[in-house]
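# Results of the structural survey
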Amino acid sequence: MKALDKKEELLAIVREAVQEDLQEILALYLFLHEKEVPEDSDQLRSTWKQIMMDKNHHLIVCEMNGKIVSSCVCVVIPNLTRNIRPYAFVENVVTHGDYRGKGYATKCLYYAKEIAEAVGCYKIMLLTGSKQESTLNFYRNAGYNSADKTAFIQWIEQ
């Protein structure tokens, strides 16, 4: 991974998404696994409003020169164990194809960790469907490990 140079680092802004970011985020998701941007609909607007209003749902973006180039979601989940400490779940880590390998997603993951630490989470979990060693190493280098837990997924048909 090519690290950000000092100028790029200063220009890269990591923040939580705002209402006006929806279309740009949806376009970014085409680099994740989506095949098309969803049509504007009541369901889309309702879901976006729900995300924006949920204090535990953090949609993090990294902006370069005013363009959203990377993003991840960090959801804080209240919990009754571990001394009533919440945990966080990170999902939808994505970087625009033209901006990969420069540290933008890493900045988003570090921001997610800051959120989790600020609210007292005892852990952050992340799942990836990738088997590529470069992707797995990216997550390892960001502080995640695959040795502590085993993940199981059950897909729900629609």
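Please refer to the structure higher up on the page.
The residue numbers shown here count from 1 along each chain, following its written sequence. Only residues with pLDDT of at least 70 get local features here, since the model is predicted, and only at 80 or more are side-chain atom pairs given and counted; chain-wide, interface and lining totals rely on the full set of residues. In computing side-chain values, all of the structure's heavy atoms are included and hydrogens and water are not.

### Some points on the overall build of the protein chain
Rule in force here: Think of it this way: any DSSP run of H or I at least four residues long counts as a helix, any run of E at least two long counts as a strand, and we number them from the N terminus. Computation of the radius of gyration draws on C-alpha atoms alone. For the globule rule, the value is 2.2 Å times the number of residues to the power 0.38. Exposure is judged per residue with a 1.4 Å probe applied to protein chains only, and the accessible area is read against the type maximum: over 50% gives exposed, under 20% gives buried, and values in between give partly exposed.
Looking only at helices and strands, the protein chain features five helices and five strands. For the protein chain, the α and β elements follow one another from N to C terminus as α-β-α-α-β-β-β-α-β-α. Since a compact globule built from 158 residues should have a radius of gyration of about 15 Å, the 16 Å found for the protein chain is in line with a globular shape. Reported as C-alpha extents along the three principal axes, the dimensions of the protein chain are approximately 40 × 40 × 30 Å. Looking at the protein chain residue by residue over its 158 residues, the buried ones come to 35%.

### Topic: the pairing of strand β4 (residues 87–95)
For clarity, the cut-off: Any two strands with at least two DSSP-identified bridges between them are counted as paired.
Inspection of the sheet shows strand β3 (residues 67–77) paired to β4 by seven bridges, in the antiparallel sense. When the bridges of β4 are listed, I77 appears paired with Y87. Pairing geometry for β4 and strand β5 (residues 124–126), over three bridges, is parallel. Residue pairing for β5: F89 is matched across the bridge by M125.

### Considerations on the packing of helix α4 (residues 104–118) against helix α5 (residues 133–141)
Heads up, the condition is: Each axis is a line fitted through C-alpha atoms, taken for helices only over the stretch in contact, and angles between the N-to-C directions span 0 to 180 degrees. If an angle is under 35 degrees, it is roughly parallel; if it is over 145, roughly antiparallel; if it lies from 65 to 115, roughly perpendicular; otherwise it is oblique. Helix crossings fall into two classes, left-handed where the near helix is turned counterclockwise from the far one by less than a right angle and right-handed where it is turned clockwise. Only heavy atoms matter for contacts: two residues are in contact if any of them lie within 4.5 Å across the pair. Throughout this entry, Asp, Glu, Lys and Arg are counted as charged residues, while Ala, Val, Leu, Ile, Met, Phe, Trp, Tyr, Cys and Pro are counted as nonpolar. The remaining residues, Gly among them, count as polar.
Look at α4 against α5: their axes get within 10 Å of each other, and the N-to-C directions meet at 40 degrees. One element, α4, and the other, α5, form an angle in the oblique class. Seen along the crossing, α4 lies across α5 with a hand that is right-handed. The segment α4 lies against α5, with A105, T106, L109 and Y110 engaging F138, Y139 and N141. Of the residues in the contact of α4 with α5, the class split is five nonpolar, two polar and no charged.

### Here's the deal with the state of the cysteines
Operational definition: By convention in this document, the label disulfide applies to cysteine sulfur atom pairs within 2.5 Å.
Tallied over the entire structure, the rule returns zero disulfides. C62 carries a free sulfur, and the closest cysteine sulfur to it, the one in C108, is 5.1 Å from it.

### Notes on the pattern of salt bridges
In plain terms, the rule: Here, a salt bridge means any Lys or Arg side-chain nitrogen found within 4 Å of an Asp or Glu carboxyl oxygen.
One pass over the structure, following the stated rule, counts five salt bridges. Of the charged contacts in the structure, one is a salt bridge between R140 and E133, with a shortest N-O distance of 3.0 Å. Residues participating in the shared-partner salt-bridge network are R15, D21 and E63.

Function cannot be inferred from these measures alone, as they are strictly geometric.
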